[in-house]
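This is what each chain is made of:
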Amino acid sequence: MFLNTLDLPAPPENTRVVVAMSGGVDSSVVAALLKREGYDVLGITLQLYDDGRLKERVGSCCAGQDVDDARRVCEILDIPHYVLDYEKRFHEAVITPFAQSYSNGETPIPCIFCNQSIKFKDLLETADELRADALATGHYVRSVVAGGSRALYLPVDLERDQSYFLFATTQCQLDYLRFPLGTFLKSEVRKFAEEIGLPVAHKCDSQDICFVHERGYASVVSRLNPEARNFGKIVHIDGRILGDHPGIFHFTVGQRRGLGIATGEALYVVYLDALHSRVIVGPKEALKTHKIYLRNINWLGSGDMLSFSERKVEMAVKIRSTQRPCSAILHSDVDGFWIELPCGAHGVASGQACVFYSDITENARVLGGGFITHSERTPETEFLLKALLKRDLLS
C-alpha cells in the first residue's frame, strides 16, 4: 500500500494537515515543509492570552505579536490561517491550576497541562472537524510506526528534546499527531527558514512558562490566589526557626538562592509544608531522593500496564526536561506505582513529571510517565521531617 511521507495512505495533495502555528520558527518551518511536499495545509493559531505586558516580550508564544507572525508566514506560504480564541479555556485549564498548584507547595509544569487539555485535545478535535488527516506540530520528538500504532522516540537534536512535555499524550492522540522536526537539527530548521525568506527565521525560542512576565511566576500566583500570600516561618530541618517568608509559593524544592536568610551555611529548600505555611530547609544531602511515588500515569509502551502488578520493570526516567534519562526501576504494588532511583536524585518536588524511557541511549523510546505525589529521602532525613511535622500537628 502506498504511504506518503506522513505514513498516510494517500498522495500529499489529497491529504489535509492542520499545523499548530505558535508564531515561532519551528511550527512555521513545519508548515513550509509540508506545503513544499504538496500537502493540503491549514494553519491554526490559538490565542491563549492577551496581556499587554507580554505582547512584545521575548520568549512568549500564542499571543500578540506571535499571532501576527503566524499570519504573515501563512500569507507567504499561501495557506489558509485561522485564529481561535482560547483565552478563557487556557485560563481555566492551565493558568488557574498552575497558580493553585504552587499555592499547595507543588512545582507544576504548565506546558504539559497545555498539551493535555488544549493542544492535543481541543485543537485536535478542531482538526478532526476540519476533516484533517493529521495534526502536525513543531515539537522536537520522533514519531514512528511500531506494531500498528505510533511510538515516540527521542529526537535527533537532543539539545532540543521536548519528549518530557509529551508523556501525557494518549495513544489515540499520538496516532493522529505528526512531528516533522524530529529528524532535524535546530540549526537546519533556522537555515531552511532563512533560505525561503520566512520573517521568523531568527526569532527567539519561546520559554516554558509563556504566560509569565518579567516579574516572575510568583506575581501570577499572588494575583490569582491572594489567599496564598500567607506569611510563615523558614525552619531548619533540625527544628530551628531561621526567619520569615511571604508565602510558600515563592519557593521550590531544591532552591538555594533567594531564601532571605543568612546562616553561614549552604541551605536548600527541602520541603514545603503548605498546611502550616512553612518552608523547611536543610543541607544538600537532605535533598537526596531514591524513591518517587506517582499519580495519573499514562502508558505509551507495548502491552498493558496493568499486567505490571507486583512486578519490577527496568527503564530510564527524566524528572526534569533538560536532563538525560537515567536508569530507574518501576515498581507496582498495593500502594500504586513508584520509581526506584539507584543513583538518586536531588530536588525532586511534588507536581513535577517523571517521564519513562526504554533506556538511556540516544534512541530511547518514550514509554509514558506520571506526576510526582511525593518522594522519600534518606532514612535520616525522613525521620527528621516526620518528627518536625508531627510536633507541629500536636502543638
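Residues numbered from 1 in each chain as written. Predicted model: local features only at pLDDT ≥ 70, side-chain atom pairs only at ≥ 80, totals over all residues. Heavy atoms only, no water.

Student: Can you lay out the sheet that holds strand β12 (residues 289-299) for me, pointing to particular residues and giving the numbers?
Tutor: Taking strand neighbours around the barrel as the criterion, the six strands line up as β12-β15-β14-β13-β16-β17 in a closed arrangement whose pairing is antiparallel. When strand polarity is set aside, the average angle formed by the axes of neighbouring strands in this sheet is 45°. Bridging between β12 and strand β15 (residues 336-345) involves four bridges; their strand directions are antiparallel. By the bridge assignment for β15, T289 is matched with A345. (Pairing = 2+ DSSP bridges. Helix = DSSP H or I, 4+ residues; strand = E, 2+ residues; numbered from the N terminus. Axes fitted to C-alpha atoms, helices over the stretch in contact; angles between N-to-C directions.)

Student: Give a detailed account of the nonpolar core, specifying residues and quantitative values.
Tutor: In this structure, F90, I112, I118, L135 and F211 are the most contacted members of the largest nonpolar core, which totals 55 residues. Breaking this core down by element, the ones donating at least two residues are β1 (16-20), β2 (40-47), α3 (87-103), α4 (110-129), α5 (171-176), α7 (217-224), β16 (353-357) and β17 (366-377). Counting residues per element, this core draws most heavily on α4, which supplies eight residues. If we ignore the near neighbours within four places in the chain, the residues touching L135 are V18, A20, K119, L123, L124, A127, Y176, L177 and R178. In this structure, L33, L34, V41 and Y140 belong to the second largest nonpolar core, which totals 29 residues. (Core = buried A, V, L, I, M, F, W, Y, C linked by side-chain atoms within 4.5 Å. Buried < 20%, exposed > 50% of the residue type's maximum accessible area, 1.4 Å probe, protein only. Contact = heavy atoms within 4.5 Å.)

Student: Break down the pairing of β2 for me, with residues and values.
Tutor: Of all eight residues in β2, seven are buried, a share of seventy percent or more. By the bridge criterion, five bridges tie β1 to β2 in an arrangement that is parallel. Pairing of A20 across the sheet is with I44, part of β2. Crossover connection from β1 via helix α1 (residues 25-36) to parallel β2: handedness right-handed. (Right-handed = clockwise from strand over helix to strand, strands pointing away.)

Student: Talk me through unusual backbone geometry; I want residue IDs and the actual numbers.
Tutor: Most peptide bonds take the trans configuration, and most residues that are not glycine carry a negative phi. Even without a glycine there, the phi angle at D78 is positive, about 60°. With respect to the element layout, D78 can be found in the loop between α2 (65-77) and β3 (81-85). With a phi angle near 50°, S277 is a residue other than glycine that sits in the positive phi range. One can find S277 in the loop between β10 (268-273) and β11 (278-282).

Student: Explain the pairing of strand β6 (residues 149-153) residue by residue, including any values.
Tutor: When you tally the buried positions in β6, you get four out of five residues, the bulk of the element. As judged from the five bridges shared by strand β5 (residues 142-146) and β6, these two strands associate in the antiparallel manner. If you follow A146 over to β6, its bridge partner there is S149.

Student: Lay out the packing of aromatic side chains in plain terms, naming residues and giving numbers.
Tutor: For the coordinates displayed, the defined rule picks out five aromatic pairs. Measuring from ring centre to ring centre gives 5.3 Å for F98 and Y102, while their planes differ by 75°; the resulting arrangement is edge-to-face. A residue pair is termed a helical-turn pair when its members lie 3 or 4 positions apart in one helix, as F98 and Y102 do in helix α3 at four residues. Note on accessibility: F98 and Y102 belong to one class, buried. Here F167 and F371 contribute two aromatic rings whose centre-to-centre distance is 5.4 Å and whose plane-to-plane angle is 65°, an arrangement assigned as edge-to-face. Of this pair, F167 sits in the loop between β6 and α5 while F371 sits in strand β17, placing them 204 residues apart in sequence. (Phe/Tyr/Trp six-rings, centres within 6.5 Å; stacked < 30°, edge-to-face > 60°.)

Student: Tell me about α1, and name the residues and values.
Tutor: In this model, α1 (twelve residues) spans 16 Å end to end at C-alpha, consistent with the 16 Å of a helix rising 1.5 Å per residue. Burial in α1 covers these residues: V25, D26, S27, S28, V29, V30, A31, A32, L33 and L34. Summarising the contacts, the buried residues of α1 are in contact with β1, β2, α2, β4 (134-136) and α6 (186-195). One or two steps after α1, the chain reaches G38, where phi turns positive at roughly 100°. (Expected span 1.5 Å × (residues − 1).)

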